[in-house]
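Structural features, examined
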Amino acid sequence: QVQLVESGGGLVQPGGSLRLSCAASGFTFSSYAMSWYRQAPARGRELVAYITRGGITNYADSVKGRFTISRDNAKNMVILQMNSLKPEDTAVYHCHAQYSASYYWGQGTQVTVSS
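Residues numbered from 1 in each chain as written. Predicted model: local features only at pLDDT ≥ 70, side-chain atom pairs only at ≥ 80, totals over all residues. Heavy atoms only, no water.

**Some details on the state of the cysteines**
With the rule as written, the count across this model stands at one disulfide. Across a sulfur-sulfur distance of 2.1 Å, Cys-22 and Cys-95 are joined as a disulfide pair. Looking down the S-S bond of the Cys-22 and Cys-95 bridge, the torsion is -85 degrees, so its handedness is left-handed. Of this pair, Cys-22 sits in strand E3 (residues 18–25) while Cys-95 sits in strand E9 (residues 91–99), and the two are 73 residues apart along the sequence. Like Cys-95, Cys-22 is buried. (Disulfide = S-S within 2.5 Å. Helix = DSSP H or I, 4+ residues; strand = E, 2+ residues; numbered from the N terminus. Buried < 20%, exposed > 50% of the residue type's maximum accessible area, 1.4 Å probe, protein only.)

Next comes the structure, spelled out in structure tokens:
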């Protein structure tokens, strides 16, 4: 069955870094655009970054210059490298896969930025 499994979240101090991974299975990963979303308490779901199947990337203004999304089609993985983290980056981060009308979500991984 389809699975998106996120890992790499945790507690980090402001200014620190985390690397989130999303392992995909059960579908043709290379055909799907992949994204990272985040959701914080009392805030709506926010698109953080996405990468097309061709490798084109785009980022939310709030993370540009700090976060980098990448994908490894051989390993069926998408990575979100997060640097210079801020308290406002605290959220549950979800992996998302989409191809046309077909889409999947992961369960999410908690990122907490606090001193």
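And the narrative resumes.
**Notes on the pattern of salt bridges**
Counted according to the given criterion, the structure contains five salt bridges. When the shortest N-O distance is used, the salt bridge between Arg-43 and Glu-46 registers 3.9 Å. For Arg-43, a relative accessible area of 38% gives the class partly exposed. Residue class for Glu-46 comes out partly exposed when judged on its relative accessible area of 23%. With its nearest N and O atoms 3.2 Å apart, the salt bridge here joins Lys-64 to Asp-61. The exposure class assigned to Asp-61 is exposed, which follows from its relative accessible area of 65%. (Salt bridge = Lys/Arg side-chain N within 4 Å of Asp/Glu carboxyl O.)

**Side note on the side chain of Glu-6**
One can find Glu-6 in strand E1 (residues 3–7). Summary of buried charges: Glu-6 has no salt-bridge partner, and the nearest side chain of opposite charge, Arg-45, is 9.7 Å away. Looking at Glu-6, its side chain comes within polar contact range of the main-chain nitrogen of Cys-95, at 2.8 Å. A distance of 2.9 Å separates a polar side-chain atom of Glu-6 from the backbone nitrogen of Gly-108. (Lys, Arg positive; Asp, Glu negative; His and termini not counted. Polar contact = N/O pair within 3.5 Å; in protein donor to acceptor, adjacent residues only side chain to side chain.)

**Some thoughts on the packing of aromatic side chains**
Tallied over the full model, the rule gives six aromatic pairs. Relative to Tyr-99, the ring of Tyr-32 has its centre 5.7 Å away and its plane inclined at 45 degrees; by these criteria the two rings are tilted. In this pair, Tyr-32 is assigned in the loop between E3 and strand E4 (33–39) and Tyr-99 in strand E9, connecting sequence segments 67 residues apart. Ring pairing ties together the aromatic residues Phe-27, Phe-29, Tyr-32, Tyr-99 and Tyr-104, which thus form one cluster. Between Arg-45 and the ring centre of Trp-105, over which it is positioned, the NZ or CZ distance is 4.1 Å. (Phe/Tyr/Trp six-rings, centres within 6.5 Å; stacked < 30°, edge-to-face > 60°. Lys NZ or Arg CZ within 6 Å of the ring centre and 35° of its normal.)

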